[in-house]
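# Architecture and fold: a report
Listed here are the chains, written in short residue letters.
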Amino acid sequence: MDTKLTLKLNQQIIEKAKEYASDKKLSLSRIVEAYLQSLTSEKNEADFEISPFVKSIATGISIPTDLDYKEGYSDYLMEKYK
């Protein structure tokens, strides 16, 4: 059974979250529900991977929008196995 929840959040965060949800073709409610489920679930596996953007909301850490994580990981591996 779905129940309505009202949250007070920073307007910029709401706008970015709506953009993210639109890009992923998900509702913002579904994203929030999945995140809260992952926090309260006894098992560590989520239904889907939580994006860096959503993680940054929880931790307060800012993730650059132009971050190329694949390149960063590739650089890390190249340095590690020199």
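Here the structure is shown first, and the text comes after it.
Residues numbered from 1 in each chain as written. Predicted model: local features only at pLDDT ≥ 70, side-chain atom pairs only at ≥ 80, totals over all residues. Heavy atoms only, no water.

## Points about the overall build of the protein chain
When helices and strands are tallied, the protein chain shows four helices and zero strands. Along its sequence from the N terminus, the protein chain presents helices and strands in the succession α-α-α-α. The buried share among the 82 residues of the protein chain stands at 11%. By element, 53% of the accessible surface of the protein chain is carried by carbon and sulfur atoms, the whole surface being about 7900 Å². (Helix = DSSP H or I, 4+ residues; strand = E, 2+ residues; numbered from the N terminus. Buried < 20%, exposed > 50% of the residue type's maximum accessible area, 1.4 Å probe, protein only. Areas by Shrake-Rupley, 256 points an atom, 1.4 Å probe, with all protein chains shown as cover.)

## Notes on the nonpolar core
Judged by nonpolar contacts, Y20, A21, I31, I50 and V54 together constitute the single largest core of five residues. Once residues within four sequence positions are removed from consideration, Y20 is found in contact with I31, S51, F53 and V54. (Core = buried A, V, L, I, M, F, W, Y, C linked by side-chain atoms within 4.5 Å. Contact = heavy atoms within 4.5 Å.)

## Observations regarding a nonpolar patch on the surface
On the surface, a nonpolar cluster with roughly 620 Å² of combined accessible area is contributed by L5, L7, L9, L28, V32, L36 and L39. Relative to the helices and strands, L9 resides in the segment before α1 (11-23). (Patch = residues over 30% accessible without salt bridge, like charges linked within 9 Å, V, L, I, M, F, W, Y side chains within 5 Å. Salt bridge = Lys/Arg side-chain N within 4 Å of Asp/Glu carboxyl O.)

## As for the packing of aromatic side chains
Enumeration according to the criterion identifies one aromatic pair in this entry. Ring geometry for Y73 against Y76: centres 6.1 Å apart, planes inclined by 25 degrees, an arrangement best described as stacked. Of this pair, Y73 and Y76 are both found in helix α4 (residues 69-80), three residues apart, which corresponds to roughly one turn of the helix. Judged by its relative accessible area of 45%, Y76 is partly exposed. (Phe/Tyr/Trp six-rings, centres within 6.5 Å; stacked < 30°, edge-to-face > 60°.)

## Some thoughts on the pattern of salt bridges
Under the definition given, this model contains one salt bridge. The partner of K82 in a salt bridge is E79, with the nearest N and O atoms 3.5 Å apart. Grouping residues by exposure puts K82 and E79 together as exposed.

## Points about unusual backbone geometry
One non-glycine residue, K25, adopts positive backbone phi at about 55 degrees. Assignment of secondary structure puts K25 in the loop between α1 and α2 (28-40). Residue classification places K25 among the exposed positions, given a relative accessible area of 75%.

All we've got here are geometric facts, nothing functional implied.
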